[in-house]
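Examination of the molecular architecture
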Amino acid sequence: MNSPDDILAELRRLRATDAPTHGGRVLSYVYDSGLAIVDSLAADASALVQPVNGLDPTTFGSVAAIERDLISFSRTAFGSSDAVGSVTSGGTESCILAVLSAREFTRTPAGTGNIVIPSTAHAAFDKAGKLLGVSVRRVPVDPTTTRADADAIADAVDDDTILLVGSAPNYPTGTLDPIVELGDLALRRGVGLHVDACLGGLALAWWPTPLPDWDLRVPGVTSLSADFHKYGYAPKGASVLLHTDRDRHRAAYFATTDWPGYPVVNPTLLGSKSVAGAAAAWAITRYLGDTGFTGLVADIAGTVETLVDVVDGIDGLRIVGDPAGPVFTVATDPAATTPIDPHRWADEVSARGFTLQPQPAYVQADGSTLAASTHLTITPVTSAVIDELSQALREGADAAYGLERSVAPAALRELAAAFDSGAISIDDALALDSASTEAVLIGAGIDPHTDPADAADSLDLSAVITAIESLPTPITAKMLAEFLAAYSNPSP
């Protein structure tokens, strides 16, 4: 038996290989308030409910009390005095439940019905469609503004549409969709409208400058999701899904007495579940309150304004669209004297101590393209490193001038050419078994059995992004799934 000290020492060694979760060095995935008391409060609250099973709030009354308070806090933040909801494990679960609610509320059989979403809506809705047997219609957005087009959304709606979706803001570019126009459309067509505010809703609710209406106050909005583990600064595993209609909320519940065990009543996808994330979110919202969130969001807004000015001052790069909130995206400025590849820029900024998130170009259904870009998530702690980050953004641009885009590995370029020529069909590639797919990855120099401690240095992410752009999307999905499955499993 290993000693607790040895076990924790090993975990510390493993954690030392991770990207830093505090200090503003990683501008995606993590949401650092910069307040040590918030982290310690969350840890203490999580520890207090560690043995609690969220399955049954009638046995563990603290669960019901925590969820009531979080729902009350959320409906006030998002403009409704009487919304009802459920606390979930994260944005993906909230979005899936929003689609489930719409399917059940409209009594649409699985395998029929559709949801209509902008092309920039989160992939969680594709997962919902796959799990629930609902087709997903991604409608192109304006390539310049990246806002959803309400008229184009309307053209995609038919008698089988059960839900519309808008983002506040979207993840790829930080743009706020026209929720008022979408709400009007939803009312005219008699369908629900879900606002996905998972990413930035808990920042937009306190944004210091005026924004177009986007939350539960908008007529036609029937549900809204927001994540406490993003701009609520809680540990991962806490989100909320609110409904303006009690019957829509209840429609997502699973309840049965048709078995010999205890009555099963689940408002979420999980049965037994941890309450740690919810308890941490509850503690943080009570600690920060309106004043605390206002101050943190003001810091974020000021930092975003400064960094946008920095990028605007770099010849060769541009801000994509008109972002509203705590995230924005940077792409090549094709009108510049010397355009800069955003992924090369991200590499150079990374070499200077800050990790940005590259995003591939995306061809929409109408043939228009959303440009390859680099995403930045701004949190309160970013203000503490803003001078150093600004310098890294400028120096990274200087270093990236004139650099060509990363090239996909030769084996993947050959594979792309084979698809283009018709020598290999998508169906042929999708029929490959796991071992054959892994062999293609290894042949391309992307070894999924890389030691996690060495992955940051051995994987050329820019080349992987380029490969994603060059191959058919079903193939990149299959290859990425194979990579991650093999990466997370022990070697044979």
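Scoring rules and cut-offs
- Residues numbered from 1 in each chain as written.
- Predicted model: local features only at pLDDT ≥ 70, side-chain atom pairs only at ≥ 80, totals over all residues.
- Heavy atoms only, no water.
- 1 Å grid on protein atoms, 1.4 Å probe; cavity = no way out; pocket = protein on both sides within 12 Å on 5 of 7 lines; lining within 4 Å.
- Points joined across faces, edges and corners; volume = space filled by probe spheres on them.
- Nonpolar A, V, L, I, M, F, W, Y, C, P; charged D, E, K, R; others polar.
- Helix = DSSP H or I, 4+ residues; strand = E, 2+ residues; numbered from the N terminus.
- Buried < 20%, exposed > 50% of the residue type's maximum accessible area, 1.4 Å probe, protein only.
- Contact = heavy atoms within 4.5 Å.
- Arc of directions from axis to C-beta.
- Salt bridge = Lys/Arg side-chain N within 4 Å of Asp/Glu carboxyl O.
- Phe/Tyr/Trp six-rings, centres within 6.5 Å; stacked < 30°, edge-to-face > 60°.
- Lys NZ or Arg CZ within 6 Å of the ring centre and 35° of its normal.
- Pairing = 2+ DSSP bridges.
- UniProt positions renumbered as here; feature names shortened; annotations may be inferred.
- Axes fitted to C-alpha atoms, helices over the stretch in contact; angles between N-to-C directions.
- Left-handed = near helix turned anticlockwise from the far one by under 90°.
- Core = buried A, V, L, I, M, F, W, Y, C linked by side-chain atoms within 4.5 Å.

Examining empty space enclosed by the protein
Scanning the entire structure with this criterion turns up one cavity of 30 Å³ or more. In this structure, the largest cavity occupies an estimated 50 Å³ of space. Forming the boundary of the largest cavity are Pro20, Thr21, His22, Gly23, Gly24, Arg25, Val26, Val30, Tyr31, Asp32, Thr379 and Val381. Taken together, the residues of the lining of the largest cavity sort by class into five nonpolar, five polar and two charged.

Things to note about the environment of Ser462
In this fold, Ser462 is placed in helix α17 (residues 461–470). On the basis of relative accessibility, which here comes to 2%, the residue Ser462 falls in the buried class. Counting along the chain gives 116 residues from Ser462 to Ala346, while the straight-line C-alpha distance between them is 8.8 Å. Sequence-distant contacts of Ser462, defined by excluding residues within four places in its chain, comprise His343, Asp347 and Ser406.

Focus on helix α7 (residues 179–189)
Note on helix geometry: an α-helix contains 3.6 residues per turn, so any two residues three or four positions apart are oriented the same way. All of the buried residues in α7 are Ile179, Leu182, Gly183, Leu185 and Ala186. Seen end-on, α7 carries its buried residues on one side only, within an arc spanning 160 degrees. Seen from the buried face of α7, the exposed residues on the opposite side, beyond 90 degrees, are Leu187 and Arg188. Buried residues in α7 make contact with α6 (150–156), β4 (161–167) and β5 (192–196). Gly190 sits one or two positions beyond α7 and adopts a positive phi of about 70 degrees.

Some remarks on the pattern of salt bridges
Inspection of the entire model under this criterion finds twelve salt bridges. A salt bridge links Arg13 to Glu10; its shortest N-O distance comes to 3.0 Å. Of this pair, Arg13 and Glu10 both sit in helix α1 (residues 4–15), three residues apart, which is roughly one turn of the helix. Since its relative accessible area comes to 36%, Glu10 is described here as partly exposed.

Describing the packing of aromatic side chains
Each pair of aromatic rings is reported with the distance of its centres and the angle of its planes. Under the definition given, this model contains ten aromatic pairs. Consider the rings of Phe73 and Phe293, whose centres lie 5.7 Å apart with planes at 45 degrees: the pair is tilted. Taken together, the residues span a long stretch of sequence, with Phe73 in helix α3 (residues 61–77) and Phe293 in helix α10 (residues 276–312) at a distance of 220 residues. By the burial criterion, Phe73 is buried, and Phe293 matches it. On the numbers, 4.7 Å between centres and 15 degrees between planes, the contact of Trp206 with Phe293 is stacked. Note that Trp206 is positioned in the loop between α8 (201–204) and β6 (223–227) and Phe293 in helix α10, a separation of 87 residues in sequence. This pair shows no difference in class: Trp206 is buried, exactly as Phe293 is. Here a set of aromatic residues connected by ring pairs shows up, and it is made of Tyr31, Phe73, Trp206, Phe228, Tyr231, Tyr233 and Phe293. A cation over an aromatic ring shows up here: Arg25 above the ring of Phe354, its NZ or CZ 4.5 Å from the ring centre.

Some remarks on the side chain of Thr379
Within the fold, Thr379 resides in the loop between β15 (373–377) and α12 (386–400). If we skip the residues at most four places from it in the chain, Thr379 touches Val30, Tyr31, Asp32, Tyr231 and Ile300.

So, the pairing of β15
For a regular strand, side chains alternate in direction, first toward one face of the sheet and then toward the other. Of all five residues in β15, five are buried, a share of seventy percent or more. Across five bridges, the pairing between strand β11 (residues 327–332) and β15 is antiparallel. In the sheet register, Thr329 faces β15, and the bridge partner there is His375. Two elements, strand β12 (residues 357–359) and β15, share three bridges in a ladder whose sense is antiparallel. Its bridge partner being in β15, Pro358 is matched across the sheet by Thr374.

A word on the layout of surface pockets
What the second largest pocket holds in volume is close to 630 Å³. In terms of lining residues, the second largest pocket is bounded by 27 residues, among which Pro57, Ala64, Glu67, Tyr253 and Pro267 are the most central. When residues in the lining of the second largest pocket are grouped by element, the largest group, six residues, is from α3. The residue makeup of the lining of the second largest pocket, split by class, is 14 nonpolar, seven polar and six charged.

Observations concerning the pairing of β6
With five of five residues buried, β6 lies mostly within the body of the structure. What you see with β6 is no split at all: Ser223, Ser225 and Asp227 on one side and Leu224 and Ala226 on the other are buried throughout. Pairing of β5 with β6, which is carried by three bridges, proceeds in the parallel orientation. Of the residues in β6, the one forming a bridge with Val195 is Leu224. The pairing of β6 with strand β7 (residues 239–243) spans five bridges and is classified as antiparallel. Opposite Ser225, over in β7, you have Leu241 as the bridge partner.

Some details on the UniProt feature "modified residue: N6-(pyridoxal phosphate)lysine" (unreviewed entry) in the chain
Using the residue numbers shown here, the UniProt feature "modified residue: N6-(pyridoxal phosphate)lysine" (unreviewed entry) corresponds to Lys230. Within the element layout of this structure, Lys230 appears in the loop between β6 and β7. Given the relative accessible area of 15%, Lys230 is considered buried.

As for the packing of α3 against α10
With their axes 10 Å apart at the nearest point, α3 and α10 run at an angle of 35 degrees to one another. The element α3 and its partner α10 pack so that their crossing is left-handed. Along the contact surface, α3 presents Ile66, Asp69, Leu70 and Phe73, while α10 presents Ala278, Ala279, Ala281, Trp282, Thr285, Arg286 and Phe293. Grouping the constituent residues of the contact of α3 with α10 by class yields eight nonpolar, one polar and two charged.

Quick look at the nonpolar core
Counting residues in each nonpolar core, the largest one holds 93 residues, and the members touching the most others are Phe78, Leu164, Trp214, Phe228, Phe328 and Trp345. Ranked by residue count, the leading element in this core is α10, at 17 residues. In this structure, Trp345 is in contact with Leu317, Val330, Ile340, Leu356, Thr374, Leu376, Leu393, Gly396, Ala397 and Ala400, ignoring residues within four places of it in sequence. If you look at the next biggest cluster of nonpolar residues, it comprises 21 residues, including Cys95, Ile115, Phe125 and Leu241.

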